[in-house]
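Residues per chain, in single letters:
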Amino acid sequence: MAKTETNRGACLCGAVSYQVLGPLRPVVACHCNQCRRTSGHHVAATSANRGDLRITGEDAITWFTSSPGIRRGFCRFCGSNLFWDNQARPSVSIMSGTLDRPTNLTLIGHIHTASKGDYYEIADGLPSHPHDDHSLTP
């Protein structure tokens, strides 16, 4: 179930911090090539409505356009992978590992498993989709 209280998070060095003033979507693991390359493994991300996200230190975020209409935000000082933003959607994905604990979130599934690394198996029994599944990532 999505958490509805204020959540906070930050990058490793603290130059970027954020608050989410609304609900967070449960966590989805993305195994696509781009997420694997930006994180070194797969990405586990939640998301929030764009209007609920308050960022402090925005000048420390570098936005990289990884696909048309898609940008990835990371701290320009420590390199922390923070956000995935499909500008056509009303929500912004937030890397779950950057949230302060407790998150009270749960992992609900895996997407883009056809692109996963060949050095690990997905054996948690959660739904796995070879490509995107918009029911997991509205």
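Predicted model only: the values in this text are computed from it and were never measured.

## Details of the overall build of the protein
Moving on, step 1. Helix and strand counts for the protein come out as one helix and 10 strands.
Moving on, step 2. Traced from its N-terminal end to its C-terminal end, the protein shows the element sequence β-β-β-α-β-β-β-β-β-β-β.
Moving on, step 3. Relative to the globule expectation of 14 Å for 138 residues, the C-alpha radius of gyration of the protein, 14 Å, shows essentially globular dimensions.
Moving on, step 4. Oriented by its inertia axes, the alpha-carbon framework of the protein measures out at about 35 × 30 × 30 Å.
Moving on, step 5. Looking at the protein as a whole, 43% of its 138 residues are labelled buried.
Moving on, step 6. Sequence separation of 24 or more characterises 54% of the internal contacts of the protein that already satisfy a separation of 6 or more.

## Re the nonpolar core
Moving on, step 1. Judged by nonpolar contacts, the single largest core of 17 residues is most densely connected at Val16, Tyr18, Val20, Leu24, Leu53, Phe83 and Ile94.
Moving on, step 2. Core analysis: the second largest hydrophobic core is formed by 11 residues, Cys32, Cys35, Val43 and Ile70 among them.

## Considering the sheet that holds strand 5 (residues 53–56)
Moving on, step 1. Spatial strand order, 1-2-5: three strands in an open sheet with antiparallel pairing. Two strands in the sheet have a free side with no partner beyond their single neighbour: strand 1 (7–10) and strand 5. Strand-to-strand twist across the sheet, computed as the mean angle between neighbouring axes with direction ignored, equals 20°.
Moving on, step 2. Bridge analysis of strand 2 (residues 17–20) against strand 5 gives four bridges, and the strand direction is antiparallel.

## Topic: unusual backbone geometry
Moving on, step 1. Here the residue pair Arg101 and Pro102 is connected by a cis peptide bond, since its omega of 0° sits within 30 degrees of zero.
Moving on, step 2. By the element assignment, Pro102 lies in the loop between strand 9 (91–95) and strand 10 (107–111).
Moving on, step 3. Here the phi dihedral of Asn104 falls at roughly 60°; this positive angle occurs in a residue that is not glycine.
Moving on, step 4. Along the chain, Asn104 falls in the loop between strand 9 and strand 10.
Moving on, step 5. Residue classification places Asn104 among the exposed positions, given a relative accessible area of 52%.
Moving on, step 6. In the Ramachandran plot, His112 falls in the positive-phi region, its phi being about 55° despite a non-glycine side chain.
Moving on, step 7. Looking at the secondary structure, you find His112 in the segment after strand 10.

The rules behind each value
- Residues numbered from 1 in each chain as written.
- Predicted model: local features only at pLDDT ≥ 70, side-chain atom pairs only at ≥ 80, totals over all residues.
- Heavy atoms only, no water.
- Helix = DSSP H or I, 4+ residues; strand = E, 2+ residues; numbered from the N terminus.
- Rg over C-alpha atoms; globule rule 2.2 N^0.38 Å.
- Buried < 20%, exposed > 50% of the residue type's maximum accessible area, 1.4 Å probe, protein only.
- Contact = heavy atoms within 4.5 Å.
- Core = buried A, V, L, I, M, F, W, Y, C linked by side-chain atoms within 4.5 Å.
- Pairing = 2+ DSSP bridges.
- Axes fitted to C-alpha atoms, helices over the stretch in contact; angles between N-to-C directions.

Read these as geometric descriptors, not functional statements.
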